[in-house]
Structure formats: C-alpha cells, structure tokens
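Each chain, letter by letter, is given below.
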Amino acid sequence: MRSGALGMLLGVLAATSVGAQGVASRLSGRVPPAVAALVERLADSAAGRGLPVEPLIEKAIEGGAKGVPDERVVTAVRATLGRLDEAATAMHTAGLARPDPEAIEAGAFALNAGLSADAVAALARHSSARYGPAATLRVAGTLVALGVPAPETVRLVQQALDAGSAPGDLLDLPQQVEGAMARGASPASAAEGLSRGAGHAPTGPHSPPGKGQAHKP
Amino acid sequence: MNAGYDVLIKRVLDGELSPADLPPALRAEAEQALRWLGAVERAPVALSAAVEARVMARVRRHARSPLSRAWRWLASSRDVDIRLRVRPWVVGLATAAAIALVVLWPAGSVAPSHQPTYVRFVFYAPGARTVAVAGTFNQWDPHASPLALTAAPGVWTTTLALPPGQHQYAFLVDGAHWIADPAAPAVDDGFGRRNSVLAVTGADGKGRAL
C-alpha cells in the first residue's frame, strides 16, 4: 500500500519534471525567458490539478509569434488556464469524476467561443459514450463560433445526441449550418432550420457548404 | 473583384469590423460580401495520388531546407521595412477551404485516425506581397506555411497536411498583419483579435473541416 502510494507520488513528480522541461524547451526562443518561466509555473500548477498544459504553451507561443507585449501574453495564458479550470469544474458538475484532458480542452474551447459553464456541463452530461464529451463540446463551440446563439446551439446538439444518429452526423452539424449561411440564412435561423428538420439528416459525408441538401432557414 | 466596395465594407472583410458596426445602408452589402466569400472555394477537390505526392514532396523539401528558410526570413524582414513606409495593400479578404481527401478508416468506425488530412487554404489579398498561414498546427510559425500567388490576381493558396484535431489559425499578410478568415468560425484570441477555427477529423472514414 505504502509502496504503491510512493510509486504514484514518484510518477507524478517525474511527469511534472518532464512536463516542466518540455515547457521550457518548447518556449525557448519563442517568448522572453521571464514569460517562459511564468508559463512554466502555470503549467506545473495546471498539471498538478490534472489539467492539460498544451493550450497554455500554445497560447504563449501564439502571443510570441504575434509580437504581443509580454504582459498581454501572460494575461492570455492565465485566462486560458482559468477556462481550463472552469471546464474541469463543469465536467465534475456533469458527473464526470475524471474527465480526460481532451474533454477539458474542448470544454475550454466552448467557453471561449461563448457557451456558459452551465451549458458546457449540460452538454457533457448529455453526451454519451458513443459521442464523448470532447467531440460534443467541440461541435457546440464551433457552432457558437459560427454565430449560432448559445441556446440554439445547446438545443441543436442535444437533439442530435437524442436522435442517436451516427457520430459523423454530429460532426457534420457546423458544416450544415455553414451551408445554410452560404445560402443566405442567419446563423440562428440556420440552426433553427436544422432543428426543425427533425433528425438533421446528413447531406453526405463530403457535402460542402452551399452544395448539400437544402435546409429551410 | 471588390474594387467597388466601400472602405468600411473592406474593413468588415478584413475582420476589423462586424456588419453591425456599419451604417444601415452598408450592412446588406457587407453581409452579401461575406456570404459570397463563404461560398467561394469550398468545393471538395479530388487530387490524384500523383499530384498529392508531388505537392507533399515539394512541401517537405521546402520545409527541410535551412537555406530556403533563411532566405524567406530575410525576404520577409525586408518587406516589413518597405511596407511600414508605403503600406501598399488596403484590403485582405480571406477564405479558407478545408477539403477531406483521404479515406482513413472503414465507414462507421469511430476510432480516431492519426493520418493527416489535406487542407487547402485560399486567401484573397490583392496588393499583398507575402501571405502565410500560421496556427496551432505549425506552432504559429510565420515562415512555415507560406501561400503561393495563383494565376488569378490576388488569390493566394497552399495545401497542408494537417493531423486530426481542432486547430486555430490566422493569415499573416506582409509579415505583419494578422487576419482571421471572415468566412470561418472564429474565437477570441486573447490578444484583441480573432482566430479562425478548423477541425479536422478522420472519424468514420471522412475528413471534415468545421
């Protein structure tokens, strides 16, 4: 028992150490050393709480590439960490005791796109093993990023989950909304049209926007 | 193609304004222009295996050449110096197309694939001297994925092999102007701008671009 706990502790320490080295090397030359050190500390803290660290590294690299002032890079990385925390909390609220990093990252993306924590929790709870919370939340976040209002997004995604259609149909939802928008529909009316379409029959695996089956807006 | 647009509409197409920011008289035209962009270059393109192999061979050769990278870096620095005085381009329109070309798994399978999907990026920027696409898929490296000017005036393009997953990206014009794709989903980048969102999945045998 004791040796098991010790092994687990050593494992966590080793993972943290490797992760820290990875952060430092990934950020070397991309951001100033002071920013890299701060991001490394934030990543250590995130890893200790079971949160994915890749989004933090990517955000710092993005800020460096875009020539953003150091303090804004740090602010953006902190904001990213805040969303990961909020997403993890939403997962726990949804009853997922140990959400995988991919699902947490997808939840943070959905939050950044404009979904509320309650909506993220509701969708995570609604998702099944067949779809998984990560795919569900990525689709929902993309719909909101397209301009579909959050309530319509939640309704449309939940309807797709309830319909029990193939996972590919869920992934096709943003493409179908884009298609309706290309034909002149607003994001909200495009989503409403899909909802009304009952079952949102797929337009075909490779149907590009504007070329799929028409959905009345 | 858009020479007749009002400057405010061009700013909407640049991603700097939303149609709601415009006077009512210009909104319909701006929304029409955005819809037009959304419909452009979105059809799937089926390339033969030989074309794909040739393209990827050139991409890899290019990416691995330190001399080529050094030259690109030097060239883009020189562009920045000139552009700061002149600023020759006034408008950049972006449209990104994502095309699934590779069948990765038997239909019905939901197992994630690790094989790349070829995605074609198209950007309309008359007057631009360099255009690149940078994002999470290339570590936001402004030099990793330059677009090439096509025979059509102002139209830049490149095809990249992207791994399955959700990516964020933006176009970089003349080495200094980050522009999100106005026809693609976008999220706040945390720095006061927007990033475009692209999801590539090989699940159930298809690649998708959201």
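What counts, and at which threshold
Counting restarts for each chain: residues are numbered from 1 in the order of the written sequence. Whichever chain is written first becomes A and whichever ligand is written first becomes 1, with later ones labelled in order. In keeping with the model being predicted, local features are shown solely for residues with a pLDDT of at least 70 and side-chain atom pairs are shown and tallied solely at 80 or more, while totals for entire chains, interfaces and linings include all residues. For side-chain calculations, the full set of non-hydrogen atoms in the structure is used, while hydrogens and water are omitted. Secondary structure elements follow DSSP: runs of H or I of four or more residues count as helices, runs of E of two or more count as strands, with numbering from the N terminus. Only protein chains enter the accessibility calculation, which uses a 1.4 Å probe. A residue is then buried if its area is under 20% of the maximum for its type, exposed if over 50%, and partly exposed in between. Computed with the Shrake-Rupley method and a 1.4 Å probe, the accessible areas treat only the protein chains shown as cover for residues. Only the six-membered ring of Trp is used, alongside the rings of Phe and Tyr, when aromatic pairs are assigned; centres must lie within 6.5 Å, and planes under 30 degrees apart are stacked while those over 60 apart are edge-to-face, with the rest tilted. As used here, the term nonpolar core means buried Ala, Val, Leu, Ile, Met, Phe, Trp, Tyr and Cys residues forming a set that is joined through side-chain atoms within 4.5 Å. Throughout, a contact is declared for two residues whenever any of their heavy atoms are within 4.5 Å. For every element, the axis is a line fit to its C-alpha atoms; helices are fit only across the contacting stretch, and the angle between N-to-C directions ranges from 0 to 180 degrees. Two helices that cross are described as forming a left-handed crossing if the nearer one is turned anticlockwise from the farther one by less than a right angle, and a right-handed crossing if clockwise. In the scheme used here, Gly and all other residues not listed as nonpolar or charged are polar, with Ala, Val, Leu, Ile, Met, Phe, Trp, Tyr, Cys and Pro taken as nonpolar and Asp, Glu, Lys and Arg as charged. For salt bridges, the criterion is a side-chain nitrogen of Lys or Arg within 4 Å of an Asp or Glu carboxyl oxygen.

## Let's talk about the overall build of chain B
(1) Moving on: Within chain B, the regular secondary structure consists of four helices and 10 strands.
(2) Moving on: Along chain B, from the amino end to the carboxyl end, the secondary structure elements read α-α-α-α-β-β-β-β-β-β-β-β-β-β.
(3) Moving on: Taken over 210 residues, chain B has a buried fraction of 48%.
(4) Moving on: Accessible surface, chain B as shown: approximately 9800 Å² in total, 60% of it carbon and sulfur.

## Re the packing of aromatic side chains
All names here are of chain B.
(1) Moving on: What the rule picks out here adds up to six aromatic pairs over all chains.
(2) Moving on: Their ring planes at 80 degrees and their centres at 6.3 Å tell us that F121 and F171 sit as a pair that is edge-to-face. Placement of the pair is F121 in strand β2 (residues 117–124) and F171 in strand β6 (residues 165–173), with a sequence separation of 50 residues. The two residues F121 and F171 agree in class, both being buried.

## Some points on the nonpolar core
(1) Moving on: In this structure, L27, L115, V120, V157, L170 and V177 of chain A are the most contacted members of the largest nonpolar core, which totals 73 residues.
(2) Moving on: For this core, the element with the most residues is helix α4 (residues 70–93) of chain A, which contributes 10 residues.
(3) Moving on: Contact partners of L27 of chain A, with chain neighbours within four places excluded, come to A36, V39, I57, A60 and I61 of chain A.
(4) Moving on: Core analysis: the next-biggest nonpolar cluster, separate from the first, contains 19 residues, V119, L160, L162 and V200 of chain B among them.

## Notes on the packing of helix α7 (residues 133–146) of chain A against helix α8 (residues 150–163) of chain A
For any two helices packed against each other, one specifies the inter-axial angle together with the distance between the axes.
Residue and element names in this part refer to chain A.
(1) Moving on: Running from N to C, α7 and α8 point in directions that differ by 145 degrees, and their axes come no closer than 9 Å. Of the two elements, α7 crosses α8, and the hand of that crossing is right-handed. Listed contacts from α8 to T136, V139, A140, L143 and V144 of α7 are A150, T153, L156, V157 and L161.
(2) Moving on: When its residues are assigned to classes, the contact of α7 with α8 shows eight nonpolar, two polar and no charged.

## As for the pattern of salt bridges
(1) Moving on: Taken as a whole, this structure holds seven salt bridges over all chains when the rule is applied.
(2) Moving on: E62 of chain A is the partner of K59 of chain A in a salt bridge, and the nearest nitrogen-oxygen pair spans 2.9 Å. With K59 of chain A and E62 of chain A both in helix α3 (residues 54–65) and three residues apart, the pair spans about one turn of that helix. A single burial state applies to K59 of chain A and to E62 of chain A, both of which are buried.
(3) Moving on: What emerges from the salt-bridge pattern is a single network uniting K59, E62 and K66 of chain A together with D189 of chain B.

## Quick look at unusual backbone geometry
Residues and elements named next belong to chain B.
(1) Moving on: With a phi angle near 55 degrees, W140 is a residue other than glycine that sits in the positive phi range.
(2) Moving on: On the basis of relative accessible area, W140 is assigned to the buried category, the value being 1%.
(3) Moving on: Unusually for a residue other than glycine, D174 sits at a positive phi of about 55 degrees.
(4) Moving on: Tracing the sequence through the fold places D174 in the loop between β6 and β7 (177–179).

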